[in-house]
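What follows is each chain in one-letter form.
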Amino acid sequence: MNTQTTAQIIGFLAAMVLLTAFGMLVQRRIYGLIHLFAWQGLFLSISTAIVGYMTGRHHLYISSVLTLTLKVILLPYILNVLIHKLKIRKEIDTVVNVPLTMLIGIALVILSYHLTAPVRELSTFVTRSVLAIALATVMIGLLMMITRRHAVTQIIGFLAMENGLFFAATSATYGMPLVVELGVAIDVLIAAFIFGIFFFHINTTFDSLDVEYMARLKEED
Amino acid sequence: MILTPLGIASLSILLFLLQVLIVPFFKRNEKLMVNICFSLASAASLFAIAAGIWAVGNGTTDRVILALGLPDLPFHLRLDPLSGFFLTTIGLLAFYVSIYSIGYVKGFLGHRSVMRLIVFYSLFVAGMFMVVLADDALFFLISWELMAAASYFLVMYEDEQSENRRAAFLYIVIAHIGAVAILLSFGVMAGLATGFKDFSGYTFDAMRASKFPVEWATAAFFLAFFGFAAKAGVIPLHVWLPEAHPVAPSNVSALMSGVMLKTAIYGILRVTFDLIKIFPWWWGAVVLVFGLLSAVLGVLYALMQHDLKRLLAYHSVENIGIILIGIGLCMVFTSFNMPLIAALALTAGLYHTINHAMFKGLLFMGAGAVIHAAHERNMEEMGGLIHKMPWTAALFLIGCVSISALPPFNGFVSEWLTFQAVLLSPSLPAPLLKLLMPVGAALLALTGALAAACFVKAFGVTFLGRWRGPHKPNIQEVNWPMRAGMLMAAASCLLLGILPTVFIRWMDTVPVQLIGATMSASAGTHGWLWLTPVAPERASYSGIIVFLGILLVYGVVYLLLHASPGRIHRRPIWDCGFEKLNERMQYNATSFSMPIRRIFGYFFNIKEHVDLSPQAAHSAFPKRLNYNLKVKDRFWSWLYRPVADVSFWLSRKVGMLQQGRIQVYLIYSFITIIILLVFVR
Amino acid sequence: MNLSPLVIELMQLLVLLAAAPVFAGWVKTVKCWSQGRTSPGLLQPYRDIAKLFSKDMALAENASWIFRFTPYIVFGSTLLAGGIIPILSVDLPLSATADVIALVALFAIARFFTALAGMDIGTAFGGMGASREMMVASLAEPAMLMAVFTMSLASKSTSLSQIAQVIAHSDIHMVLRPSLAFAFIAFVMIALAETGRIPVDNPATHLELTMIHEAMILEYSGRHLALIEWAGMMKLFLFMSLGAAAFFPWGIADEGNMLAVPMALVYLIIKLGLAGIILALIETGLAKMRLFRVTEFLGAAFLLATLGMLSHFILE
């Protein structure tokens, strides 16, 4: 396959990543959220594999398999178990209503396109336009953490941000050194475990994982 | 001198001023006064239309310097294609409204004196003509003030009600704030033209000839934009529109909404393209943003209204927004040196200007007819008028269809042109603008759809169904002059919709004058039938063929498939078999707009309150229910209350100077003398 | 004077008139099959329309001329719209008369008058239907415009024939773009809203409080109702053909090529057959949404169309 076709496929996968990010932003059900996160991880790992094939950097294949195991199989499984064990409520409330969140998401995409314009001028990589999408995914992950009241969405938002960063790394610089990659992956895994432990404790204490209730922990004066 | 376009226009103005003088002679016979004066007004408007058409068609510029004016500052008059276009627009609507007024003003005979109405009406229209002909700052401002003052008295015509006086007061305050801004803007430009040395820069020619440094040009532009926006009713300076337009007599409302707001558009075009000429792209973006805001918020506020004339007034805000979108796009494309697309955007804006004058004039005239017949302004008390007032209903329907941008009428053509201009935005070099324009186009589509919803509501609640109020008055169709005025306006709506290429070719000289490019080279390449803005493969529209197609298809369908009268039986209303249906169970204006109120609710300050009387609340079927809904414009509490509070606070502080004791005033004089002695030797 | 475009135009209109009821019947049949019911037959809509034509009409006493003329206006507008969409061929004499924006406006005329007819009699249900329909329309229009915009970015035109030709003649690289994929999904959602299918509105409901489109036409009977029902079936057919013409235009006859028209008819039957199956599965699998959830649904359509537009600029 020539570079033109691969660049187009990577562009298509980037669009899918953005679509799943928006899907997570507007999703109301917990299981849908986790499914979308798994799909995002899948698109990400396929994209990494293709970049690895195109540039001949074989350590990207390892990154791709790592992403696949971690983000498509392991983390969704852990989250599913968590939700099942804690008998968490399956609907997600929003702080701001859904259409407004979508509009803010669109504005963030336009903003990240504008911000990455200088990089696009200078870069010679075929995948340079994908950087805008990656930045947008990071910001949408942050937006997800802000506008949702469910604790599990906070962690998925954080993981989505990390997805975006990973995507940016593969597109702008053709991947990170493998050592950094492994370190980040283990950090993410440990973060997931720690979150899980915290959730158990919070749920036992408050019987709920709605983060609004945790606002009561502050001192009244 | 008479046979130049400018001569004819001046003749028209003189006829209006003449009317003011002859009115006292008819004080005995008011009916004759109405007939003669308004016929004279129609004739004068015809002269103005002729002058305007001639000026735009020829593309020439006429100037004259009058002997009037201050010493060393005589009045300059100028009739160029831009003035000619607005002269035609104002003249057309003034003609239709004058004929309408012959019938409408007769409704005031016997209740109050119509002399005031006629005098100020003539001064108002004359003032508008003078504004578009003015070629120096002094004459412009004098005409502007004349226009504002005359319309103030017209708004306050029925002045025994305090709400009318309050509305007129609000109107004049905002008009004057705008006038001060325009004055400052002219001052900046005039001063820069001569280096702040003398007064000779007050002529527009002097301003045209000079090049302004960017900071001063920006100051001049934004001052002028602020001032003209206050007159045009752009958000957030729109609050006077829904107060002043409903309380004025309907023929005056038609003129105010239809053409007075357009003089502000004329001002913006004159200052930006003719006097300042070179500007950065972000000015156009600011104009575009304000246009979009006015369009969307205007139509949302209109949807919440149940007073027919207030609804129409808010729609004027929306349509001014759409015109500003066209102008803003033109400014952006001009600053990026894309003259062909700029000409398209400008044509779209100008076309919408004349369209709006036509259909808004028609709608206000229709509302006037309804209020004249039913003595009621609240839509929720009306209904079923289509049976008793068939002409008014049909003509009002034409206005509703035009403003909802449905083919084959004129609203569709200008919206289509605006959309085509936005769809060409991918050719812009600036990436951020390229991405934001389509979102703007989507907002424009939202506006169009909401406007259609609003007019289904307005027409449906007013004319269809059954009478919703408690007592049904005796309703009759209105008299012939009123019908004639409305009929002519409706015919213009149809013509403007069917023959767009003819009009675009006629008004082509205006974009040539303002930005040096023309659209009609490509617009009419494939003959006068097809409107092809950029290239026929890109997009094309044929108004006439759509119209003929509609007639043909509807006609064939009707002829082949219509039912013979023997097969139609009239029966009581079915309503799915529910009985005991009364008039109060129909949808009215508030209920119709409920879904949209729910969805877009956070733009307004909405207080809904449902009251059940205590005994009714207990029973299974409550008998008496009180529903209270208050929808307020948020700009009052965000913008106007704080500004009013600050000005009152400042005035209180300054008011402390006024102590009332004579010793204090003597101390002031004493201190002033000492200061003068010490510092000015 | 070349008469073949005129002949093609007439053929297209005849196909539209004749095939719209059988398409509605096909959708119903697949729906019944997927729900384990027996269908009333593929040709049942023809029998329904014929039955309604043969009946007399009962009009309310206070029905005005708007109520009486609306069925003809709705039928005529839908027929005119059928004259613009390249169903069989791009060689249409009317294609230069009106483009996609004008097409949307033609459907808007039909909707405007149907809403007025709903308010004409003075019942509560008519007003309710009109109010809800205008709300759904006002949300669907921005989404439709964004989808049109994205379609026109690829083909640099808003003329439907042009869009169909550009996509049909471009190679596979140009076609598999994210922008077109997003625009397509958005278009499907908008089509569901505009034609009044589940999940926006249930065309087979009998509960008045759940109706949107049906509520406006409750008072119609006889020939008037036949025309309105037929127009509704034509609108569904047209939206499916519009999607086929804009996104999958292969098989549509080119300019000047009369001989390809019969083949185009065969392709059309295949494409619409598939579309009918997908529509029936969507209707069976989803439930009708609450009225105010339609905002989110159409907001998602707008979002997808905007994403399509953005991805055109960012990725292509």
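Residues numbered from 1 in each chain as written. Chains lettered and ligands numbered in written order. Predicted model: local features only at pLDDT ≥ 70, side-chain atom pairs only at ≥ 80, totals over all residues. Heavy atoms only, no water.

Participant: Which residues make up the overall build of chain C, and what values go with them?
Facilitator: Secondary structure assignment for chain C yields 12 helices and one strand. Starting at the N terminus, the α and β elements of chain C follow one another as α-α-β-α-α-α-α-α-α-α-α-α-α. Taken against the 2.2 N^0.38 rule, which gives 20 Å for 316 residues, the C-alpha radius of gyration of chain C at 19 Å falls within 12% of a compact globule. Summarising its shape, the C-alpha atoms of chain C cover approximately 60 × 45 × 40 Å along the three principal directions. Out of the 316 residues in chain C, the part that is buried amounts to 68%. Within the structure as shown, chain C displays about 10600 Å² of accessible surface, and the carbon and sulfur contribution to it stands at 69%. Averaging the locations of the 18 positively and 21 negatively charged side chains of chain C gives two centres separated by 7 Å. (Helix = DSSP H or I, 4+ residues; strand = E, 2+ residues; numbered from the N terminus. Rg over C-alpha atoms; globule rule 2.2 N^0.38 Å. Buried < 20%, exposed > 50% of the residue type's maximum accessible area, 1.4 Å probe, protein only. Areas by Shrake-Rupley, 256 points an atom, 1.4 Å probe, with all protein chains shown as cover. Lys, Arg positive; Asp, Glu negative; His and termini not counted. Charge placed at Lys NZ, Arg CZ, Asp CG, Glu CD.)

Participant: Residue-level account of the pairing of strand β1 (residues 62–70) of chain B, with values.
Facilitator: Along any regular strand the residues' side chains alternate between the sheet's two faces. All names here are of chain B. Where β1 and strand β2 (residues 73–79) come together, six bridges link them in antiparallel fashion. The residue bridging Ile65 from the neighbouring strand is His76, located in β2. Hairpin connection of β1 to β2: two residues between the antiparallel strands, including Asp72 at a positive phi of 70°. (Pairing = 2+ DSSP bridges.)

Participant: Account for the environment of Gly308(C), with residues named and values stated.
Facilitator: All names here are of chain C. Mapping Gly308 onto the fold places it in helix α12 (residues 294–315). Classification of Gly308 by relative accessible area gives buried; the value is 0%. Along the primary structure Gly308 and Val100 are separated by 208 residues, whereas in three dimensions their C-alpha atoms are 18 Å apart. When neighbours within four sequence positions are excluded, Gly308 is seen to be in contact with Thr150, Ser179 and Phe182. (Contact = heavy atoms within 4.5 Å.)

Participant: Quick one: what's the story with the interface of chain B and chain A, residue by residue and with numbers?
Facilitator: On the chain A side, the residues contacting the five residues of chain B number four residues. In total, chain B and chain A occlude about 530 Å² of area from one another, counting both sides; carbon and sulfur atoms represent 81% of this. Among the residues chain B hides against chain A, the three largest losses belong to Leu432(B), Leu435(B) and Tyr602(B). Together they make up 69% of the total. Linking chain B to chain A there are zero salt bridges. Where chain B packs against chain A, one counts zero residue pairs in polar contact (both at pLDDT 80 or more). For the side of chain B that touches chain A, the per-class residue count stands at five nonpolar, no polar and no charged. (Buried area = accessible area lost by both parts, 1.4 Å probe. Salt bridge = Lys/Arg side-chain N within 4 Å of Asp/Glu carboxyl O. Polar contact = N/O pair within 3.5 Å; in protein donor to acceptor, adjacent residues only side chain to side chain. Nonpolar A, V, L, I, M, F, W, Y, C, P; charged D, E, K, R; others polar.)

Participant: Can you break down helix α8 (residues 178–194) of chain C residue by residue, with the values?
Facilitator: All names here are of chain C. Counted at 1.5 Å a residue, the expected span for α8 with its 17 residues is 24 Å, and the 24 Å between its end C-alpha atoms agrees. Across the 17 residues that make up α8, a large majority, 13, are buried. Phi turns positive one or two residues past the end of α8, at Gly196, with a value near 70°. (Expected span 1.5 Å × (residues − 1).)

Participant: Quick rundown of unusual backbone geometry? Include the residues and the values.
Facilitator: Going from Ile235(B) to Pro236(B), the amide bond is cis rather than trans, its omega being 0°. For Pro236(B), the location among the structural elements is in the loop between α8 (214–232) and α9 (241–247). Of note, the bond from Ile198(C) into Pro199(C) is cis; its omega dihedral lies within 30 degrees of zero at 10°. Here Pro199(C) is to be found in the loop between α8 and α9 (213–216). Look at Asn337(B): it is not a glycine, yet its phi comes out positive at around 60°. Among the structural elements, Asn337(B) can be located in the loop between α12 (308–335) and α13 (339–374). In this structure, His375(B) takes a positive phi of about 55° despite not being glycine. Among the structural elements, His375(B) can be located in the loop between α13 and α14 (385–388).

Participant: Provide a residue-level description of the state of the cysteines, including the pertinent values.
Facilitator: A full pass over the atoms with the stated rule returns zero disulfides over all chains. Cysteine Cys454(B) remains unbridged, with the sulfur of Cys400(B) as its closest cysteine sulfur at 9.2 Å. (Disulfide = S-S within 2.5 Å.)

Participant: A description of the packing of α12(B) against helix α17 (residues 431–463) of chain B should follow, citing residues and the corresponding values.
Facilitator: All names here are of chain B. Running from N to C, α12 and α17 cross one another at 160°; their axes reach a closest spacing of 11 Å. Looking at the two axes, α12 sits roughly antiparallel to α17. The way α12 lies across α17 gives a crossing that is left-handed. Between α12 and α17, the residues in contact are Leu308, Leu311, Leu312, His315, Glu318, Ile322, Ile325, Leu329 and Val332 and Leu433, Met437, Leu444, Thr447, Ala451, Cys454, Phe455, Lys457, Ala458 and Thr462, respectively. Residue classes in the contact of α12 with α17 are distributed as 14 nonpolar, three polar and two charged. (Axes fitted to C-alpha atoms, helices over the stretch in contact; angles between N-to-C directions. Parallel < 35°, antiparallel > 145°, perpendicular 65-115°, else oblique. Left-handed = near helix turned anticlockwise from the far one by under 90°.)

Participant: Any details on the interface of chain B and chain C? Residues and values, ideally.
Facilitator: Counting residues at the interface gives 78 residues for chain B and 76 residues for chain C. Across the chain B to chain C interface the summed buried area is about 6700 Å²; carbon plus sulfur atoms make up 73%. In terms of surface lost to chain C, no three residues of chain B exceed Tyr554(B), Arg567(B) and Arg570(B), which account for 10% of the buried area on that side. In this structure, the connection of chain B to chain C is made through 18 residue pairs in polar contact (both at pLDDT 80 or more). Breaking the side of chain B that touches chain C down by element, the ones donating at least two residues are α14, α15 (390–403), α16 (410–423), α17, α22 (543–561), β3 (568–571), α23 (589–592) and α24 (594–599) of chain B. Sort the elements by how many residues they give to the side of chain B that touches chain C and α17(B) lands first, with 16 residues. Pairing geometry for β3(B) and strand β1 (residues 57–60) of chain C, over four bridges, is parallel. The residue bridging His569(B) from the neighbouring strand is Ala58(C), located in β1(C).

Participant: Give a description of the confidence of the model for chain C that names residues and reports values.
Facilitator: Mean pLDDT over chain C stands at 87; residues scoring 70 or higher make up 97%. Interface confidence for the predicted complex, given as ipTM, is 0.93, next to a pTM of 0.89. (pLDDT = per-residue confidence, 0-100.)

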